[in-house]
Amino acid sequence: MDRELVKKLADVLKNRKLPEEVRIMEVCGTHTAEFFRTGVKDLFPENLILIDGPGCPVCVTPNSYLDLVIEIAKKYNAILATFGDMIKVPSSYSSLAKEKADGMDIRIVYSPLDALRMAEENPDREIIFLSVGFETTAPAEAIIIMEAEKKGLTNFSILSCNKLTPPAVDALLSADEVRIDGFIIPGHVSTITGREPWNFIADKYGKPGVISGFEAHDLITGVLALLDLLEKREAVVTNEYKTAVREKGNPNALKIIDTVFEICPAEWRGLGEIPGSGLRIRDEYSRFDAKKKFPATPPPVKEHAGCRCGDLLRGIITPPECPLFDKVCSPENAVGPCMVSSEGPCSAYYKYWRR
Ligand code: SF4
């Protein structure tokens, strides 16, 4: 990190004068956490408001997904392989942590490849990988399905809850519930998608957006570029993360995703069903689709009383405006996923803002 550069940029942001309140949304959960962790949020001029968006995959996963996971594991005695961030997320009536304590075979993995190896090592057990993510993780999950096919594995499947981020931003803007003047667009998603899928922000809604990286200098550069566009009233989407994001994204990764997955409607916490925002496994690979392989009917969905994750993910409130924040809800006793995930806005506010 070039400390001198960060210091210079920080001074520019700190002293930036805004004639009126400006409200920008960071779409991505990693940006949410990094704005706090790096201290860049503290440099914001008083009337620059940062609104958290629907870009944390764990947070936007609805209760119905975990309810189904638990129901399938119970009914078919399968081993669940999951990343650690899903473990403490409350489902309608339970959580993976509670089920594990009650004897369910749930194993934490660090990559989809670990889950595949688990299937090879346990040929007499069904292994279900919980695939929760955005465009960034979908290529690895597609590859793992192709690998499972190559190896002829019959005891491996994934339960896909993969989502596409631009349609969620489109849904948010078309709902028009909250004023957003411009967007900080996720850099890592854009390494896969490129800039083009984000152009609708300018073309359809007349607002600017800036693709940004994640280090302090990236964040400050992104915010300054967005403020410049707003000042000049230029509705365009620009790329300030050129070291990683190419105009057309990563064509190889996009091709791999398209080989295994097809686009479908998907349910988002707080946003409901959004057309064209999900990835489901194509029929050619349906034997690896846990949803088809293990039919199950979970109990009716129940929302967490008082939790306002849905409003948060639509930018309507900030975490401290949730009446449960830091009173009933904390990382040790999380009521909703936004407090569990390290990319969740409640967890970021709890860790950094509270102090
Ligand atoms: Fe939900 Fe807790 Fe966040 Fe409130 S503070 S919105 S209860 S996760």
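Reading the values: the criteria
- Residues numbered from 1 in each chain as written.
- Predicted model: local features only at pLDDT ≥ 70, side-chain atom pairs only at ≥ 80, totals over all residues.
- Heavy atoms only, no water.
- Buried < 20%, exposed > 50% of the residue type's maximum accessible area, 1.4 Å probe, protein only.
- Helix = DSSP H or I, 4+ residues; strand = E, 2+ residues; numbered from the N terminus.
- Right-handed = clockwise from strand over helix to strand, strands pointing away.
- Near = heavy atom within 4 Å.
- Nonpolar A, V, L, I, M, F, W, Y, C, P; charged D, E, K, R; others polar.
- Disulfide = S-S within 2.5 Å.
- Polar contact = N/O pair within 3.5 Å; in protein donor to acceptor, adjacent residues only side chain to side chain.
- Contact = heavy atoms within 4.5 Å.
- Pairing = 2+ DSSP bridges.
- Axes fitted to C-alpha atoms, helices over the stretch in contact; angles between N-to-C directions.
- Domains from an automatic or database assignment.
- Buried area = accessible area lost by both parts, 1.4 Å probe.
- Salt bridge = Lys/Arg side-chain N within 4 Å of Asp/Glu carboxyl O.

Overview of the pairing of strand S2 (residues 48-55)
Among the eight residues of S2, seven are classified as buried, and the element is accordingly described as predominantly covered. Taking the sense of rotation as the criterion, the β-α-β connection linking strand S1 (residues 22-28), helix H2 (residues 29-37) and S2 turns out right-handed.

Re the site of the ligand
The local shell around the ligand consists of Cys307, Arg308, Cys309, Leu312, Cys322, Leu324, Phe325, Cys329, Val335, Gly336, Met339 and Cys346. Of the residues contributing to the shell around the ligand, the split by class is ten nonpolar, one polar and one charged.

Digging into the state of the cysteines
In this structure the tally under the stated criterion is one disulfide. One disulfide bridge connects Cys56 with Cys59, the sulfur atoms lying 2.4 Å from each other. Negative torsions about the S-S bond denote left-handed disulfides, and the value of about 75 degrees found for Cys56 with Cys59 makes this one right-handed. Of the residues examined, Cys56 reaches a relative accessible area of 1% and is grouped as buried. Residue class for Cys59 comes out buried when judged on its relative accessible area of 0%. Just so you know, Cys161 is unpaired, no disulfide at all, and the nearest cysteine sulfur is the one on Cys264, 9.6 Å from it. Taking relative accessible area as the criterion, Cys161 reaches 10% and is therefore assigned buried.

Here's the deal with the side chain of His31
Checked against the element boundaries, His31 lands in helix H2. Within the structure, the side chain of His31 is placed 3.3 Å from the backbone oxygen of Ser212, a separation counted as a polar contact. In this view, His31 contacts Glu26, Ile184, Ile185, Pro186, Gly187, Ser212, Gly213, Phe214 and Leu219; residues no more than four positions away in its chain are not counted.

A word on the environment of Asp283
Within the secondary structure, Asp283 sits in the loop between strand S11 (272-281) and helix H13 (290-293). Exposure remark for Asp283: the relative accessible area of 54% places this residue in the exposed category. Here the alpha-carbon distance between Asp283 and Ser131, two residues 152 residues apart in the chain, equals 17 Å.

Quick notes on the sheet that holds strand S10 (residues 261-268)
Taking strand neighbours across the sheet as the criterion, the six strands line up as S4-S3-S5-S6-S11-S10 in an open arrangement whose pairing is mixed. Of all strands in the sheet, those bounded by a partner on one side alone are strand S4 (106-108) and S10. Neighbouring strand axes in the sheet, compared pairwise and without regard to direction, differ in orientation by 25 degrees on average. Sheet analysis places strand S3 (residues 79-82) next to strand S5 (residues 127-133), joined by three bridges and oriented parallel.

Structural notes on the domain arrangement of the chain
Assigned domains of the chain: these are domain 1 (1-305) and domain 2 (309-350). With centres defined by C-alpha atoms, the gap from domain 1 to domain 2 works out at 17 Å. With 29 residues of domain 1 at the contact, the number on the domain 2 side is 23 residues. At the boundary of domain 1 with domain 2, total buried surface from both sides reaches about 2,000 Å², with 64% on carbon and sulfur atoms. Per-residue buried area on domain 1 facing domain 2 is highest for Asp52, Cys59 and Glu177; these three make up 23% of the total on that side. The partner of Glu177 in a salt bridge is Arg314, with the nearest N and O atoms 2.7 Å apart. The tally of links from domain 1 across to domain 2 stands at three residue pairs in polar contact (both at pLDDT 80 or more). Where the side of domain 1 that touches domain 2 is concerned, the elements lending two or more residues are H2, S2 and helix H3 (57-60).

A few points about the pattern of salt bridges
A full pass over the atoms with the stated rule returns 26 salt bridges. Glu234 is paired through a salt bridge with Lys232; the nearest N and O atoms lie 3.9 Å apart. As a salt-bridge pair, Asp311 and Arg308 come within 2.9 Å of each other at their nearest N and O atoms. Taken together, the shared-partner salt bridges in this structure form one network comprising Glu21, Arg23, Arg179 and Asp181.

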